[in-house]
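As a plain string of letters, each chain reads:
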There are 2 protein chains.
Amino acid sequence: MSDTPLSRDDLVDLDQDDPLAHYRDQFELEEGLIYLDGNSLGALPKAAKTRVAELVEREWGQGLIRSWNTHDWISLPERVGDKIAPIIGAAPGEVVVADSTSVNLFKLAAAAVRMRPGRHKIVSEPGNFPTDLYILQGLEAFLPGEIRLETAPRERLETLIDEDTALVVLTHVHYKSGELFDMAAITAKAHEVGALMLWDLSHSAGAVPVDLNGVDADFAVGCGYKYLNGGPGAPGYLFVAKRHQAAFRQPLSGWFGHAEPFAMRDDYQPAPTIKRGLCGTTGVLATGVLEVGVELMASADMALIRAKSQRLGELFISLVERHCAGQGFALASPRDADRRGSQVSLTHEQGFAIIQALIARHIIGDFRAPNILRFGFTPLYTRYVDIWDTVQALANIMATREWDQPEFKTITAVT
Amino acid sequence: MSDTPLSRDDLVDLDQDDPLAHYRDQFELEEGLIYLDGNSLGALPKAAKTRVAELVEREWGQGLIRSWNTHDWISLPERVGDKIAPIIGAAPGEVVVADSTSVNLFKLAAAAVRMRPGRHKIVSEPGNFPTDLYILQGLEAFLPGEIRLETAPRERLETLIDEDTALVVLTHVHYKSGELFDMAAITAKAHEVGALMLWDLSHSAGAVPVDLNGVDADFAVGCGYKYLNGGPGAPGYLFVAKRHQAAFRQPLSGWFGHAEPFAMRDDYQPAPTIKRGLCGTTGVLATGVLEVGVELMASADMALIRAKSQRLGELFISLVERHCAGQGFALASPRDADRRGSQVSLTHEQGFAIIQALIARHIIGDFRAPNILRFGFTPLYTRYVDIWDTVQALANIMATREWDQPEFKTITAVT
């Protein structure tokens, strides 16, 4: 790249001109820590500390059962869903927060196969985020002979999508490579043969522009604890396009999805709205904390986020190429920033140990088997100068073989 | 009852002699509030306030992604499950905390029907807790022709349990009446015909002695936010008897139930242990807060809890009969304390307004349609004197028709 900075000062200058720079102060980030794993677990918004104390002490401790009404716990799933909606190009009333991404994927996939009776295939790609494949395999094993999961690498994916396909399930931004799918093209291909399209937005929402209604998506799920900064294991969310809501019936028909849950009748009657996507009692503390992260993300301009994210990625790649040349790294993400989410992945045969050596220097990226080093850029709190410092540390670790120590061989991590 | 106290002082004396009295100080309870709704949402343990701050600020804020290892978030579901186990007569490795009660019920019921191929019935009772029926109806609608839900009132329930029954699903303590099922007898009846037995312990665990392995139960689910004091919408838990774990396959096969989740392979391989009951990423904040409530409950002697619970119930019934005679109340719970959980329900045609009038006096019970007033007794923080004060307030409300005001006609509530 032609604009590779020559010094750390060039990046300090970029930070000074960054229109998103003020967001960093809204997060708790330890002095001296460079956190490049917000694509796995987002940082703590400062406002979440006061909110959780309020939820616990005032709403639970003092309000007790009354808070379902007085603090409107009842509408939390829809309220937070409506705040997520603009981040993913959905309309009000199309998104609810509930359960985990995995549970929500099961609900939607199960509903979708029943909306396409007589079709036998769910299509996905190998190497999709594991839980997506596992959930679809669970559905397949539960409905033997009725539905089967078929996968093909993305270059041959379209050949699988045919008149026997009930549903296509793909993750918009790949968790390892960061490669983006063309949502509009794949959705159109699915619709062309009468199949439904379900997007997993876990690695997209809050990181790249998403326009569910613009691409005519049918269903989507996503994660609350990555770029939405909702806290470890935050609830997920689900999207059902308005046009499908009346026909949408999911098997996890718990009481919070009932038209009148507190009438406590014996017969299930789905809520007429997106609430039919709910199952059990809302996890109030976790959903309340997620709301803080979502509000923060929704307040930022997505065009600015995307521009900074792409710039951070380009700078990282060009600096690695300049300062770590000949050290055995290869780029595992698309070089074209328009085809990449908000992360850059490298391969290296000593990737695991190298990531541990970085962590020991308080620079946190993560490792994904067999040989991927992931660096996530979260424009709300990643600074340009962090990129410089990371690459210098990486260069130093390689030059001195700092990674080659026994204590850098034994940790697991979670996306 | 012969031992009905004659004065408030008699109850003050009982509190002074109560070996559980010191537990009350471990909960946040506003001065002047009488909380008789712990069967719906348990009170806030004081220790949960510091724990949640630690989870948010230290584990999430500072530890970030590293806390999956350094704070052992990974083993939370099993760790808290193992702490619940002794409360419900389960062994270590038989219980995990995850998702909601409703989601867990779906997992277990779905797994159970596949463990009894060729059988077509799930048996339950009308008036079971609504979400239990709704989840079973969801499964029925999802597997048309394969499985159907059949219900009969408990006096005729056994006639439904036959060779075509895959699973019997019942709630141990009825949410409205508080009536207890004979777990041993019903479980034996199910096993006699080769059916599996699933108990919902939501209104039992922490309130009455439960001995899952003693009665040879196959499966169980339960709620974290009632007597376990885990906070609003706390995660639920599930139990799978050791003998079934190898054959147990549930369709919500998310990555946290995988044998090696972080190997991130394409094919689902269930964990060899109870972890196969997990689905998505653990809700760390909510599970960490639940752990505090569970530890507090597990530290108390269940024989003392049961004895106090029964005494509270008996005193309440006898005082209502003495002080509210002729006011239109009828007992909706079994009079025999051995057949009753830790609540007493009354019926009254003005039940809704009467409960609101009590709430206005800072005495919190709840109402269940069409005419049930529920009073839950949580021996860790309900005082004997609270019973006296509640009945006096009730008598006063009835004598003066205080309930007959327009503002006492419009609130909903949640169990």
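Residues numbered from 1 in each chain as written. Chains lettered and ligands numbered in written order. Predicted model: local features only at pLDDT ≥ 70, side-chain atom pairs only at ≥ 80, totals over all residues. Heavy atoms only, no water.

Going by what an unreviewed UniProt entry lists, chain A is known as Kynureninase and is assigned to Litchfieldella anticariensis. Here chain A is described in UniProt, under the heading Sequence similarities (unreviewed entry), as follows: "Belongs to the kynureninase family." Its UniProt record gives chain A a comment under Subunit (unreviewed entry), which states: "Homodimer." (UniProt positions renumbered as here; feature names shortened; annotations may be inferred.)

1. Quick look at a negative patch on the surface
Taken together, Asp9, Asp10, Asp13 and Asp17 of chain A make up a surface patch of like negative charges. Within the secondary structure, aspartate 17 of chain A sits in the loop between helix 1 (8-16) and strand 1 (27-28). (Patch = residues over 30% accessible without salt bridge, like charges linked within 9 Å, V, L, I, M, F, W, Y side chains within 5 Å. Areas by Shrake-Rupley, 256 points an atom, 1.4 Å probe, with all protein chains shown as cover. Salt bridge = Lys/Arg side-chain N within 4 Å of Asp/Glu carboxyl O. Lys, Arg positive; Asp, Glu negative; His and termini not counted. Charge placed at Lys NZ, Arg CZ, Asp CG, Glu CD. Helix = DSSP H or I, 4+ residues; strand = E, 2+ residues; numbered from the N terminus.)

2. Points about the UniProt feature "modified residue: N6-(pyridoxal phosphate)lysine" (unreviewed entry) in chain A
All names here are of chain A. Annotation from UniProt places "modified residue: N6-(pyridoxal phosphate)lysine" (unreviewed entry) at Lys226. Position of lysine 226 among the secondary structure elements: in the loop between strand 9 (219-222) and strand 10 (236-240). The exposure class assigned to lysine 226 is buried, which follows from its relative accessible area of 2%. (Buried < 20%, exposed > 50% of the residue type's maximum accessible area, 1.4 Å probe, protein only.)

3. Quick notes on the sheet that holds strand 9 (residues 219-222) of chain B
Residue and element names in this part refer to chain B. Read across the open sheet, the 7 strands follow the order 4-10-9-8-7-5-6; overall the sheet is mixed. Across the chains shown, the open sheet's two edge strands, defined by having one partner strand only, are strand 4 (95-98) and strand 6 (148-151). The sheet shows a mean angle of 20° between the axes of neighbouring strands, taken without regard to direction. Inspection of the sheet shows strand 7 (residues 165-171) paired to strand 8 (residues 196-200) by 5 bridges, in the parallel sense. When the bridges of strand 8 are listed, valine 168 appears paired with methionine 197. Across the sheet, helix 5 (residues 101-115) lies against strand 4, strand 5 (121-124), strand 7, strand 8, strand 9 and strand 10 (236-240), angled at about 170° from strand 9, the strand it touches most. Where helix 6 (residues 130-142) meets the sheet, its contacts fall on strand 5, strand 6, strand 7 and strand 8, and the angle it forms with strand 6 comes to roughly 145°. (Pairing = 2+ DSSP bridges. Axes fitted to C-alpha atoms, helices over the stretch in contact; angles between N-to-C directions. Contact = heavy atoms within 4.5 Å.)

4. Details of the UniProt feature "binding site: pyridoxal 5'-phosphate" (unreviewed entry) in chain A
Per the UniProt entry, the sites bearing "binding site: pyridoxal 5'-phosphate" (unreviewed entry) are Thr101, Ser102, Phe129, Pro130, Thr131, Asp132, Thr171, Asp200, His203, Tyr225, Trp255 and Thr281 of chain A in this numbering. Spatial dispersion of the annotated residues is evident: they stretch over 181 residues in sequence, and the largest pairwise C-alpha distance comes to 30.1 Å. Inspection of the secondary structure assignment puts proline 130 of chain A in helix 6 (residues 130-142). The exposure class assigned to proline 130 of chain A is buried, which follows from its relative accessible area of 1%. Every residue in contact with proline 130 of chain A, bar those within four places of it in the chain, is listed here: Tyr175 of chain A together with Met264 and Arg265 of chain B. Relative to the elements of secondary structure, aspartate 132 of chain A occurs in helix 6. On the basis of relative accessibility, which here comes to 1%, the residue aspartate 132 of chain A falls in the buried class. Ignoring anything within four residues of it in the chain, the contact list for aspartate 132 of chain A reads Leu105, Thr171 and Asp200 of chain A.

5. Some points on the packing of aromatic side chains
Tallied over the full model, the rule gives 30 aromatic pairs over all chains. Three or more aromatic residues link up through ring pairs in this structure, and these residues are Trp68, Trp73, Trp255, Phe256 and Phe262 of chain A together with Phe129 and Tyr175 of chain B. Taking the ring centre of phenylalanine 181 of chain A as reference, the NZ or CZ of arginine 154 of chain A above it sits at 3.8 Å. (Phe/Tyr/Trp six-rings, centres within 6.5 Å; stacked < 30°, edge-to-face > 60°. Lys NZ or Arg CZ within 6 Å of the ring centre and 35° of its normal.)

6. Digging into the packing of helix 11 (residues 302-323) of chain B against helix 13 (residues 384-399) of chain B
All names here are of chain B. Their axes nearest at 10 Å, the elements helix 11 and helix 13 cross at an angle of 25°. As summarised for this structure, helix 11 and helix 13 are arranged roughly parallel, according to the angle between their axes. Once helix 11 is placed against helix 13, the crossing between them reads as right-handed. On helix 13, the residues that touch Lys308, Arg311, Leu312, Leu315, Phe316, Leu319, Val320 and His323 of helix 11 are Tyr384, Ile387, Trp388, Thr390, Val391, Gln392, Leu394 and Ala395. Looking at the contact of helix 11 with helix 13 residue by residue, the classes come out as 11 nonpolar, 3 polar and 2 charged. (Parallel < 35°, antiparallel > 145°, perpendicular 65-115°, else oblique. Left-handed = near helix turned anticlockwise from the far one by under 90°. Nonpolar A, V, L, I, M, F, W, Y, C, P; charged D, E, K, R; others polar.)

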